[in-house]
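Structure assessment
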Amino acid sequence: MTQDDFAKMKAQMAGGKGFIAALDQSGGSTPKALGLYGVTEDMYDGEEAMFGQIHEMRTRIIKAPDFTGDKVIGAILFERTMRGAVDGTPVAEYLWNSLSVVPFLKIDKGLEDEANGVQMMKPIPGLEERLKEAAGLGVFGTKERSVIHEANAEGIKAVVAQQFEVGATVVSCGLVPIIEPEVSINSATKAEAEAILKDALKAGLDALPEGHDVMLKLTIPSEDGLYDDLADHPRVVRVVALSGGYSTDEACARLARQPKMIASFSRALAEGLSKQQSDAAFNAALGSNIDKIYQASL
């Protein structure tokens, strides 16, 4: 990727109208994502066939007429997707050169068991090698997810510290990290957890040196506008929202009340899509979802 391309991608992330599509279901979440798409576990044999099915689904989404940089300004990829191709072109290259969609890579390897009301990221072996590979393939940034279940200050501070530590490695390899400490929408102390998280994120951001820019991917907050001043922080490129299990309509309604967040939805993007649909029906359903999420992100 040239410096010019990187600068254009960063400008699109900072100010582009639209949202980031999350196409990054991994080994653990792939069977569920395929099941929602109408591909049950008796329809494929083994892991390779499973990943073949999910790549086919993602390719169908990427090639749909409404999946362009006009509304979808970025896309988060699973590692196998990044190493795959669309019509013979590497996926990241296809996204940027053909669609003007900025490519990201999911780098976390899943979650530890819950402790102190949170789930930390598991260790990420070979991270620097994978980041260098991603940069070589034209990927702009990364995404790494932890989960917060309770308003436990010690746990939340540990999650944020780990996120910024991984983020520093990402920046050192020339990419922009999306820091994602998800607060569970089912948490009985969601609003309290979000208030603690906001303070911890601000402290982490204030400690970053100039040029060490990050993005934030956060659960749509219970208090509207809670993260607006984080979006204005000089080290933050953009704050994006995860759908967290809300339906497309509810996620969009909640997001529309957040003036400085745009969407980065996965399940809500693919809601109502099925392998059995004709291309016309599939494209219409996906186009409807894209338009709803785009409008809520404006």
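In short, a report on the structure.

Parameters and conventions
Residues numbered from 1 in each chain as written. Predicted model: local features only at pLDDT ≥ 70, side-chain atom pairs only at ≥ 80, totals over all residues. Heavy atoms only, no water. Helix = DSSP H or I, 4+ residues; strand = E, 2+ residues; numbered from the N terminus. Rg over C-alpha atoms; globule rule 2.2 N^0.38 Å. Contact = heavy atoms within 4.5 Å. Areas by Shrake-Rupley, 256 points an atom, 1.4 Å probe, with all protein chains shown as cover. Phe/Tyr/Trp six-rings, centres within 6.5 Å; stacked < 30°, edge-to-face > 60°. Lys NZ or Arg CZ within 6 Å of the ring centre and 35° of its normal. Polar contact = N/O pair within 3.5 Å; in protein donor to acceptor, adjacent residues only side chain to side chain. Salt bridge = Lys/Arg side-chain N within 4 Å of Asp/Glu carboxyl O. Buried < 20%, exposed > 50% of the residue type's maximum accessible area, 1.4 Å probe, protein only. Pairing = 2+ DSSP bridges.

Focus on the overall build of the protein chain
When its secondary structure is counted, the protein chain shows twelve helices and eleven strands. In terms of C-alpha radius of gyration, the protein chain reaches 18 Å, essentially the compact-globule figure of 19 Å for 298 residues. By its C-alpha atoms, the protein chain is 50 × 45 × 35 Å across when sized along the principal axes. Considering only intrachain contacts with a sequence separation of at least 6, the fraction spanning at least 24 residues in the protein chain is 72%. A total of about 12,000 Å² of accessible surface is found on the protein chain, and carbon and sulfur atoms cover 49% of it.

Quick notes on the packing of aromatic side chains
All chains considered together, the criterion is met by four aromatic pairs. Pairing Phe 6 with Phe 140 gives two aromatic rings, centres 5.0 Å apart and planes at 40°, and the pair type is tilted. With a gap of 134 residues between them, Phe 6 in helix α1 (residues 3–15) and Phe 140 in the loop between α6 (127–136) and β7 (141–148) connect regions that are remote in the sequence. Members of the aromatic cluster, joined through ring pairs, are Phe 6, Phe 104 and Phe 140. Here the guanidinium or amino end of Arg 60 rests over the ring plane of Phe 282, the centre of that ring lying 4.1 Å away.

A word on the side chain of Gln 53
With respect to the element layout, Gln 53 can be found in helix α3 (residues 47–62). There is a polar contact of 3.4 Å between the side chain of Gln 53 and the side chain of Lys 275. Setting aside anything within four residues of it in sequence, one finds Gln 53 in contact with Leu 34, Val 39, Met 43, Tyr 44 and Lys 275.

Focus: the pattern of salt bridges
Taken as a whole and assessed by the stated rule, the structure comprises 25 salt bridges. Taking the shortest distance from any N to any O, the salt bridge between Lys 71 and Asp 291 comes out at 2.8 Å. Of this pair, Lys 71 sits in the loop between α3 and β2 (72–77) while Asp 291 sits in helix α12 (residues 279–297), placing them 220 residues apart in sequence. Judged by relative accessible area, Lys 71 falls into the partly exposed class, the value being 24%. Salt bridges here are not isolated pairs; linked through shared partners, they connect Glu 79, Arg 83, Lys 109, Arg 130 and Glu 133.

Focus on the pairing of β2
Counting buried residues along β2, six of its six residues qualify, which places the element largely inside the surrounding structure. Direction of pairing for β2 relative to strand β5 (residues 102–106): parallel, over a ladder of four bridges. Among the inter-strand pairings, Gly 74 is bridged to a residue of β5, identified as Val 102.

Regarding the environment of Met 43
On the secondary structure map, Met 43 appears in the loop between α2 (30–36) and α3. Of the residues examined, Met 43 reaches a relative accessible area of 40% and is grouped as partly exposed. C-alpha of Met 43 to C-alpha of Gln 53: the two residues are ten residues apart in sequence and 9.4 Å apart in space.

Structural notes on unusual backbone geometry
Even without being a glycine, Asp 87 presents a positive backbone phi close to 50°. Although it is not a glycine, Asn 116 sits at a positive phi angle of roughly 55°. Mapped onto the elements of the fold, Asn 116 is located in the loop between β5 and β6 (118–119).

Quick word on the pairing of strand β9 (residues 214–219)
Counting buried positions along β9 gives six out of six residues, so the element sits mostly inside the fold. Pairing of strand β8 (residues 176–183) with β9 involves two bridges; the strand directions are parallel. In the strand pairing of β9, Ile 178 is matched with Met 215. By the bridge criterion, five bridges tie β9 to strand β10 (residues 236–242) in an arrangement that is parallel. Within β10, the residue paired with Lys 217 across the bridge is Val 240.

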